[in-house]
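Chain by chain, the residues:
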Amino acid sequence: MPTTLIVLAHPERRSFNGAWSDATEAAARAQGDTVLRSDLCQMGFDAVEKASHYTDWPDGTTFDTLKAQEAAATAATTPLDVAIEVEKIRQADRIVLHFPLWWFAPPAILKGWFDRTFQHGALHDVDKRFDTGLFQGKRALMCVTTGSQAGESAFNGKEGDVRLLLWPTAYTLRYLGFDVLEPVVVNGVHGYHRGDRKAELATRLEATLKAQHSVIAGLDSHALLAFNRDEDFDDMGRLRADKPSYSPFIRHGDKSND
């Protein structure tokens, strides 16, 4: 049966994000999945990559993250906390990330989890990335909350297009070869609602938890985010003129000064 890895990046286990991750686990187990979990804050995961994690990094040598990770992967000296996470990622057929958007990005602990556990030499290298990534055929889903309202998180919203804010996270997963699914976003999640607005939020959140069974059951048919293929770029790594642009991050022409 499939293995589902659930990654939670929220400091309060009793938060909606925590409850949402539990709904994902219940849904995955109900369909017979093996479930692995990484509750990053509860684990006390160290999100900062640094030389002190590597016992065999030469003293007095300028720390090079990629070289340190590759050497550790080759010598089987990967830091234990990372080695455990790397094995979870390898086992997973799908990864479900649960996190809020803070300051227009995921919490730092999730970025740090990427920095350390997406280990160079173990989960990717210069030849195994994007279309040749090791995780081709595996799927990743982001389940995200925002404090902003839906209109504020739209393409013309004051808080910025949530799809663009999530693009760097999606592309990180794409780098390893994952098929990245359209994110599930719940807006307006914060503790300052009162009266009818608080009741409305509670109703929406309860509906989201109930709907998660269908979300997880439908992962194989869930819509995918579109990315350019490796062949869409020239020898300089630039998008070919006759290939489509799927994101303002990779586009035709420089309109930054328009």
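Nothing here was measured: the structure is a model prediction, and the numbers come from that model.

Rules used in this analysis
- Residues numbered from 1 in each chain as written.
- Predicted model: local features only at pLDDT ≥ 70, side-chain atom pairs only at ≥ 80, totals over all residues.
- Heavy atoms only, no water.
- Helix = DSSP H or I, 4+ residues; strand = E, 2+ residues; numbered from the N terminus.
- Rg over C-alpha atoms; globule rule 2.2 N^0.38 Å.
- Buried < 20%, exposed > 50% of the residue type's maximum accessible area, 1.4 Å probe, protein only.
- Contact = heavy atoms within 4.5 Å.
- Areas by Shrake-Rupley, 256 points an atom, 1.4 Å probe, with all protein chains shown as cover.
- Lys, Arg positive; Asp, Glu negative; His and termini not counted.
- Charge placed at Lys NZ, Arg CZ, Asp CG, Glu CD.
- Polar contact = N/O pair within 3.5 Å; in protein donor to acceptor, adjacent residues only side chain to side chain.

### Describing the overall build of the protein
The secondary structure content of the protein amounts to 8 helices and 6 strands. Helices and strands in the protein line up, N terminus first, as β-α-β-α-α-α-β-α-β-α-α-β-β-α. Taken over C-alpha atoms, the radius of gyration comes to 19 Å for the protein, in line with the 18 Å a tight globule of 258 residues would show. Each principal axis of the C-alpha atoms in the protein carries an extent, and together these give about 60 × 45 × 40 Å. Of all 258 residues assigned to the protein, the portion counted as buried reaches 46%. Considering only residue pairs separated by 6 or more positions, the protein has 74% of its internal contacts joining residues 24 or more positions apart. Surface summary for the protein: the accessible area is close to 13500 Å², and the carbon and sulfur share equals 53%. Positive and negative side-chain charges in the protein, numbering 29 and 36 respectively, have mean positions lying 4 Å apart.

### Digging into the environment of H53
When you line up the elements, H53 lands in the loop between helix 2 (40-43) and helix 3 (65-75). Exposure remark for H53: the relative accessible area of 17% places this residue in the buried category. Taking C-alpha positions, H53 is 31 Å from E25, a pair spaced 28 residues apart along the chain. Not counting chain neighbours up to four residues away, the residues in contact with H53 comprise D46, V48, P79 and R116. Here R116 takes part through its side chain, which lies 3.4 Å from a polar atom of the side chain of H53.

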